[in-house]
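What follows is the residue order along each chain.
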Amino acid sequence: MASASAASEAADPSAGSPARLVVLVSGSGSNLQALLDAARERGDAYGAKVVAVGADRNDIEGLRRAERAGVPTFVHRLRDYATRPDWDAALTESVAAHRPDLVVSAGFMKIVGASFMAAFGGRFINTHPALLPSFPGAHGVRDALAHGVKVTGCTVHFAEAEVDSGPIIAQGAVAVHDDDDEDTLHQRIKEVERGLLVDAVGRMARDGYRTEGRKVYIP
Ligand code: GAR
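None of these values were measured; they are calculated from a predicted model.

Visitor: Account for the packing of aromatic side chains, with residues named and values stated.
Guide: As enumerated under the stated definition, the model contains four aromatic pairs in all. Arranged with centres 6.4 Å apart and planes meeting at 10 degrees, the rings of Trp 87 and Phe 108 form a pair that is stacked. Here Trp 87, found in helix α3 (residues 84-97), pairs with Phe 108, found in the loop between β6 (102-105) and α4 (114-120); they are 21 residues apart in sequence, far enough to count as distant. Take Phe 108: its relative accessible area is 6%, and that puts it in the buried class. Relative to Tyr 209, the ring of Phe 158 has its centre 5.6 Å away and its plane inclined at 40 degrees; by these criteria the two rings are tilted. Note that Phe 158 is positioned in strand β8 (residues 151-158) and Tyr 209 in the loop between α6 (182-207) and β10 (210-212), a separation of 51 residues in sequence. For Phe 158, a relative accessible area of 4% puts it in the buried group. By relative accessible area, which is 6% here, Tyr 209 ends up buried. Ring pairs connect the aromatic residues Phe 116, Phe 120 and Phe 124, which therefore count as one cluster.

Next up, the structure:
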């Protein structure tokens, strides 16, 4: 790992081994699948590989995708912990055990806490189905549609304590059609989102990155 003083660390392309990704999911895991496919199809040339998948619930397709790919999984359900900080500490410990270079929230629908951000801040990436800073939160597609926007999209960004607020790494635009509903629009956004996430993570892993204030630079 090469470090940069201003903010972040990046995988060191000269190190030769792929950057280690831990991916967090809560649902179907199609973005996770795109990362698994990129590493499988492109091998070390992709620059990153998924070493573990974590979830906040059992019995989801995201976990089954990981299992089919032979990737270890872990689950921490909020309801199984006395307090939210206890849950956060357990999640942090499980992620840390896999020594990630980057942690990717790919449809992980829980807000992590202070321990998690202390451990992984600056290398914790989220993907969101809207053009931030517009339409943050759990219903980015529905909110954009309700607002009547003509163009929406997706954002890959660094996660910070405030939801959907961190420095933006990459964005993709998607036109809204007159006859769209939340599902049709989300499906088209996800097609763009998967490519955006795979490209951004790969470039960050291969080429490194730095952040200066709100600006993220990938050489
Ligand atoms: C993605 O569109 C992601 O942006 C969104 O959930 C979907 C997960 O799809 N995340 C959020 O809305 C977070 N606020 P996937 O499980 O098929 O990858």
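Visitor: Could you give an account of the packing of helix α1 (residues 30-42) against α6, with specific residues and numbers?
Guide: In contact at an axis separation of 9 Å, α1 and α6 are set at 50 degrees when each is read in the N-to-C sense. Taken together, the axis directions place α1 and α6 in an arrangement best described as oblique. Here the hand of the crossing between α1 and α6 comes out right-handed. Each of Ser 30, Asn 31, Ala 34, Leu 35, Ala 38 and Arg 42 in α1 lies in contact with α6, whose residues at this interface are Lys 190, Glu 193, Arg 194, Leu 197, Val 198, Val 201 and Arg 206.

Visitor: Report on the pairing of β8, specifying residues and quantitative values.
Guide: Of all eight residues that make up β8, seven are buried, and the element is covered over most of its length. The pairing of strand β7 (residues 124-128) with β8 spans four bridges and is antiparallel. Within β8, the position partnered with Thr 127 by the bridge is Val 156. Here β8 runs beside strand β9 (residues 168-175); their pairing, made up of seven bridges, is antiparallel. When the sheet's bridge partners are listed, Cys 154 is paired in β9 with Gly 172.

Visitor: Break down helix α5 (residues 140-147) for me, with residues and values.
Guide: Within the span of α5, buried status applies to Gly 140, Val 141 and Ala 144. One face of α5 carries all of its buried residues, which in axial projection span an arc of 100 degrees. Buried residues in α5 make contact with β7, β8 and α6. Directly beyond the C-terminal end of α5, a positive phi value near 85 degrees is found at Gly 148.

Visitor: How would you sum up the pattern of salt bridges? Please name residues and give values.
Guide: Taken as a whole and assessed by the stated rule, the structure comprises twelve salt bridges. Linking Asp 37 and Arg 40 is a salt bridge whose minimum nitrogen-to-oxygen distance equals 3.2 Å. Linking Asp 37 with Arg 40, this pair stays in helix α1, spanning three residues, or about one helical turn. The salt bridge partner of Arg 77 is Asp 80, with a shortest N-O separation of 2.9 Å. Given the relative accessible area of 25%, Arg 77 is considered partly exposed. Residue classification places Asp 80 among the partly exposed positions, given a relative accessible area of 46%. Each of the salt bridges in this network shares a partner with another, and the network as a whole consists of Asp 59, Glu 61, Arg 64 and Arg 68.

Visitor: Can you tell me about a negative patch on the surface, naming the residues and giving the values?
Guide: Taken together, the side chains of Asp 178, Asp 179, Asp 181 and Asp 183 present a region of like negative charge at the surface. Within the fold, Asp 179 resides in the loop between β9 and α6.

Rules and cut-offs
- Residues numbered from 1 in each chain as written.
- Predicted model: local features only at pLDDT ≥ 70, side-chain atom pairs only at ≥ 80, totals over all residues.
- Heavy atoms only, no water.
- Phe/Tyr/Trp six-rings, centres within 6.5 Å; stacked < 30°, edge-to-face > 60°.
- Helix = DSSP H or I, 4+ residues; strand = E, 2+ residues; numbered from the N terminus.
- Buried < 20%, exposed > 50% of the residue type's maximum accessible area, 1.4 Å probe, protein only.
- Axes fitted to C-alpha atoms, helices over the stretch in contact; angles between N-to-C directions.
- Parallel < 35°, antiparallel > 145°, perpendicular 65-115°, else oblique.
- Left-handed = near helix turned anticlockwise from the far one by under 90°.
- Contact = heavy atoms within 4.5 Å.
- Pairing = 2+ DSSP bridges.
- Arc of directions from axis to C-beta.
- Salt bridge = Lys/Arg side-chain N within 4 Å of Asp/Glu carboxyl O.
- Patch = residues over 30% accessible without salt bridge, like charges linked within 9 Å, V, L, I, M, F, W, Y side chains within 5 Å.
- Areas by Shrake-Rupley, 256 points an atom, 1.4 Å probe, with all protein chains shown as cover.
- Lys, Arg positive; Asp, Glu negative; His and termini not counted.
- Charge placed at Lys NZ, Arg CZ, Asp CG, Glu CD.

So far we have only geometry, and geometry alone does not tell us how the molecule works.
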